[in-house]
Amino acid sequence: MSAAQTYQDYIQSQEDRDGVRLTWNVWPSSRQEAARMVVPLAALYTPLKERTDLPAIQYDPVMCLRQTCKAILNPMCQVDFRAKLWVCNFCFNRNNFPPQYSAISEQNQPAELIPQFSTLEYTITRFQAVPSIFLMVVDTCVDEDELRALKESLQMSLSLLPPNALIGLITYGKMIQVHELGGCEGISRSYVFSGTKDYTAKQVQDMLGLGGAGGPQGAPGQKIGGLGSKPQPANKFLQPIHKCDMSLTDMLGELQRDPWPVNTGKRPLRSTGVALSIAVGLLESSYPNCGGRIMSFIGGACSQGPGQVVDDELKDPIRSHHNIEKEDVKFMKKATNHYETLAKRATDNGHAIDMYSCALDQTGLMEMKSCCNLTGGHMVMGDSFNSALFKQTFQRVFAKDPKGEFKMAFNATMEVKCSRELKISGAIGPCISGGKKDGSISEAEIGIGNTTSWKSCALNPSSTMAVFFEVTTQQGAPIPQGGRGFLQFITSYQHASGQRRVRVTTVARNWGDTATAMPHIAASFDQEAAAVVMARMAAWKADSKEEGADVLRWVDRTLIRLCQKFGEYIKDSSETFRLPENFSLYPQFMFHLRRSQFLQVFNNSPDETSFYRGCLNREDLTNCLIMVQPILYSYSLQLPPEPVLLDTSSIQPDRILLM
């Protein structure tokens, strides 16, 4: 078996166990050598990677006592069973085991010291379980058929939610209506807000009466009702499903189109920006720091008030890439700022914002993308609420695992620890900076940097973060013989059942001296992880207002430098060029990446571009690779189906090809 195949098996087993893929599995031992490797040292980490064999651990993790470290006990730590001591593998601090570990020995080890459990999940029992919150924000400026289909999907979703989940309903058109769910039977009451005025959290709280007996006391944004505190009284706008199931089903069935007349040649007046602002204000006033989702269903572009992306004249089309290049965009900057502010308010309180956008024209997803990308919410784009695509996608949101629990997590924080020889450059994924600063932050920022923790208000089993590292050891400094570097990912989140859980993944890799171990470093290259990491970096650069041509040149330059470094060739003789086996697919991925909708905007609207880039930044490695380079399967009568190259050489007279 070749070294490359051996590494492939190792890489796959590590992903199955820990949900981690690293671009390099032997790390260059100095900053200068790491820079010459072209592809940065990075990890693709899937925090909720599904594992059926994890033991249920009902106690708190043991932390390193050094205040600047606080890494968690793991199988890579050195343990003195006689003295009941363990040595932190990140800061080398000696720590005493807590009293409840007094019975441990080499024969009687706790789960966190057993090598197969390099990933463990702790259930924090001292926190009280809290129900998850679902607040529906429904656009009524749509056709009758669209509204009917949407109402059916929403009514169906009520049967999929757990009975103790809290639910709320906001509808909007020209005005915004916040519906009471705890009122008298048969009497529907709602609070109406203007669609042209922006409301602060305090105004929403006062107008809905949430500061009085109807809801919890406290100023907006104050961390009341957080995890671990006493449960709050439900207010009349957010009720447990088992209490309001029938009345909410009836209310959804009776929903009418927005009654405001629309003149010929005009768009309906739609107040999406204010509706989302009121939804964020309602949740942050009622349940700050509790896991919740604002599920917005959007049937067209916001045409009035804060967050407006187009005016109401049909003769004025919504902005295109051409308009953005020429800076002929009247509403874009102001609208983008409005939605970014809402996204930051939502993340501060642990609430995700989902966008289900179904319309034939653009709806302003480009301006609203931060609501999904920063909070971790879903972004779904379709043509119609009546399409099978929307209905099946919406059902999958409520998918359950074999235990009957939702495949979703709320209000998550991911913290990264690393060995002294490494520093953290940043992360690219469905998250926002957690603002935690310590000595392991690199000055070279990639993605969301200048922090060692990131917050994501919603995660699912395919949510994947790309975390970038910088080797800081100087050339010539010795690495301990057989020395290993360590990474630890600590993800704290609210489980769908309401429990607080902490998942800890610790990985170790060998350091390699490029003077003596270059073949090992080259053989440890993971071309699939590298392709996804470089694709995310390129999409991030393209989104950060870099010129498209500059991003393509960057992709080309990095590919050329990588081929120069690891290819074997005779100068000026192209037919002699050879790449090692584990690099051979990487140029193909880059070829498809530079032609993909992630970097090419031709024939795509700004909304579509934002949607595609958002998907690339959140999906797991397999899905990202398929998005960059779709899989072509070859079928024949003699052989089972097999994936083949996206190339004319795959066309055979006795084969059928299917994408």
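This is a predicted model, so every value here is computed, not measured.

Caption draft 1: Quick look at the pattern of salt bridges. The full count for this structure, using the stated rule, is 29 salt bridges. The shortest N-O distance in the salt bridge between Asp60 and Arg126 comes to 2.1 Å. Highlighted residues: Asp60 in the loop between β3 (41–45) and β4 (78–80) and Arg126 in the loop between β7 (119–124) and β8 (133–139), separated in sequence by 66 residues. Asp60 gets classed as partly exposed once you look at its relative accessible area, which sits at 34%. Judged by relative accessible area, Arg126 falls into the exposed class, the value being 57%. Between Glu180 and Lys236 there is a salt bridge whose closest N-O contact spans 3.9 Å. Taken as a pair, Glu180 in the loop between β10 (175–179) and β11 (190–194) and Lys236 in the loop between α4 (201–207) and β12 (239–240) lie far apart in primary sequence, 56 residues in all. Residues participating in the shared-partner salt-bridge network are Glu15, Arg21, Asp526 and Glu528.

Caption draft 2: Region of interest: the confidence of the model for the protein chain. Considering every residue of the protein chain, the mean pLDDT works out to 90; 95% of them sit at 70 or more. Within the protein chain, no element has a lower average pLDDT than strand β26 (residues 642–644), which sits at 79, and none a higher one than β3, at 98. Within the model, pLDDT remains below 50 along residues 212–233, and this stretch shows 53 contacts once partners closer than five positions in the same chain are excluded.

Caption draft 3: Just the nonpolar core, in detail. Among the nonpolar cores identified, the biggest contains 77 residues, and Trp24, Val467, Phe469, Phe489 and Tyr586 are the most heavily contacted of them. With eleven residues, helix α12 (residues 527–543) is the largest single contributor of residues to this core. Those residues within four positions of Phe489 in sequence are excluded, and the remaining contacts are Val20, Ala43, Tyr45, Met414, Glu415, Val416, Val467, Arg503, Val504, Thr505 and Val507. Counting residues in each nonpolar core, the second largest holds 45 residues, with Val178, Ala279, Ile298 and Ile318 among its members.

Caption draft 4: Structural context of helix α6 (residues 272–286). In this model, α6 (15 residues) spans 21 Å end to end at C-alpha, consistent with the 21 Å of a helix rising 1.5 Å per residue. Among the 15 residues of α6, 15 are classified as buried, and the element is accordingly described as predominantly covered.

Caption draft 5: How the structure looks around the packing of α12 against helix α14 (residues 586–595). Where α12 contacts α14, the two axes come as close as 9 Å, and the packing angle between them is 25 degrees. Classified by the angle between their axes, α12 and α14 sit roughly parallel to one another. At the point where α12 passes α14, the crossing takes the right-handed sense. Residues Gln527, Glu528, Ala530, Ala531, Met534, Ala535 and Ala538 of α12 form the contact with α14, whose participating residues are Tyr586, Phe589, Met590 and Leu593. Partitioned by chemical class, the residues of the contact of α12 with α14 number nine nonpolar, one polar and one charged.

Caption draft 6: Quick peek at the layout of surface pockets. Roughly 1400 Å³ of volume is contained in the largest pocket. Contributing to the lining of the largest pocket are 45 residues, with Lys369, Ala542, Asp543, Ser544 and Lys545 lying nearest its centre. Mapped by element, the contributors of at least two residues to the lining of the largest pocket are α7 (321–325), α8 (332–348), α9 (365–373), β18 (432–433), α12, α13 (548–566) and α15 (606–616). Across the lining of the largest pocket, the residue classes break down as 19 nonpolar, 13 polar and 13 charged. In this structure, the second largest pocket occupies an estimated 920 Å³ of space.

Caption draft 7: Highlighting the pairing of strand β14 (residues 351–358). Counted residue by residue, β14 has eight buried out of eight residues, so it is predominantly covered. Residues His351, Ile353, Met355 and Ser357 of β14 are buried on one face, and the alternating residues Ala352, Asp354, Tyr356 and Cys358, pointing to the opposite face, are buried as well. Bridging between strand β13 (residues 292–298) and β14 involves seven bridges; their strand directions are parallel. Across the sheet, residue Met295 finds its bridge partner in β14, namely Asp354. In terms of strand pairing, β14 meets strand β15 (residues 379–382) through four bridges, oriented parallel. Bridge assignment links Cys358 to a residue of β15, and that residue is Gly382. As for the winding sense of the linkage, the β-α-β connection from β14 through α9 to β15 is right-handed.

Caption draft 8: Expanded view of the state of the cysteines. If you walk through the whole model with that rule in mind, you get zero disulfides. This cysteine, Cys77, is not joined by any disulfide, and Cys88 carries the nearest cysteine sulfur, 5.9 Å off. Given a relative accessible area of 8%, Cys77 falls into the buried group. Between Cys88, a free cysteine, and Cys69, which holds the nearest cysteine sulfur, the sulfur-to-sulfur gap is 3.7 Å. Using a relative accessible area of 1% as the deciding quantity, one classes Cys88 as buried.

Caption draft 9: How the structure looks around the packing of aromatic side chains. Counted by the stated rule, this structure contains 27 aromatic pairs. An angle of 50 degrees between the planes, with centres 4.7 Å apart, marks the rings of Trp24 and Phe525 as tilted. Note that Trp24 is positioned in the loop between β1 (20–22) and β2 (26–28) and Phe525 in the loop between α11 (514–523) and α12, a separation of 501 residues in sequence. The exposure classification of Trp24 matches that of Phe525, with both residues buried. Members of the aromatic cluster, connected to one another through ring pairs, are Phe134, Phe297, Tyr356, Phe385, Phe390, Phe394, Phe398, Phe406 and Phe410.

Rules used throughout
- Residues numbered from 1 in each chain as written.
- Predicted model: local features only at pLDDT ≥ 70, side-chain atom pairs only at ≥ 80, totals over all residues.
- Heavy atoms only, no water.
- Salt bridge = Lys/Arg side-chain N within 4 Å of Asp/Glu carboxyl O.
- Helix = DSSP H or I, 4+ residues; strand = E, 2+ residues; numbered from the N terminus.
- Buried < 20%, exposed > 50% of the residue type's maximum accessible area, 1.4 Å probe, protein only.
- pLDDT = per-residue confidence, 0-100.
- Contact = heavy atoms within 4.5 Å.
- Core = buried A, V, L, I, M, F, W, Y, C linked by side-chain atoms within 4.5 Å.
- Expected span 1.5 Å × (residues − 1).
- Axes fitted to C-alpha atoms, helices over the stretch in contact; angles between N-to-C directions.
- Parallel < 35°, antiparallel > 145°, perpendicular 65-115°, else oblique.
- Left-handed = near helix turned anticlockwise from the far one by under 90°.
- Nonpolar A, V, L, I, M, F, W, Y, C, P; charged D, E, K, R; others polar.
- 1 Å grid on protein atoms, 1.4 Å probe; cavity = no way out; pocket = protein on both sides within 12 Å on 5 of 7 lines; lining within 4 Å.
- Points joined across faces, edges and corners; volume = space filled by probe spheres on them.
- Pairing = 2+ DSSP bridges.
- Right-handed = clockwise from strand over helix to strand, strands pointing away.
- Disulfide = S-S within 2.5 Å.
- Phe/Tyr/Trp six-rings, centres within 6.5 Å; stacked < 30°, edge-to-face > 60°.

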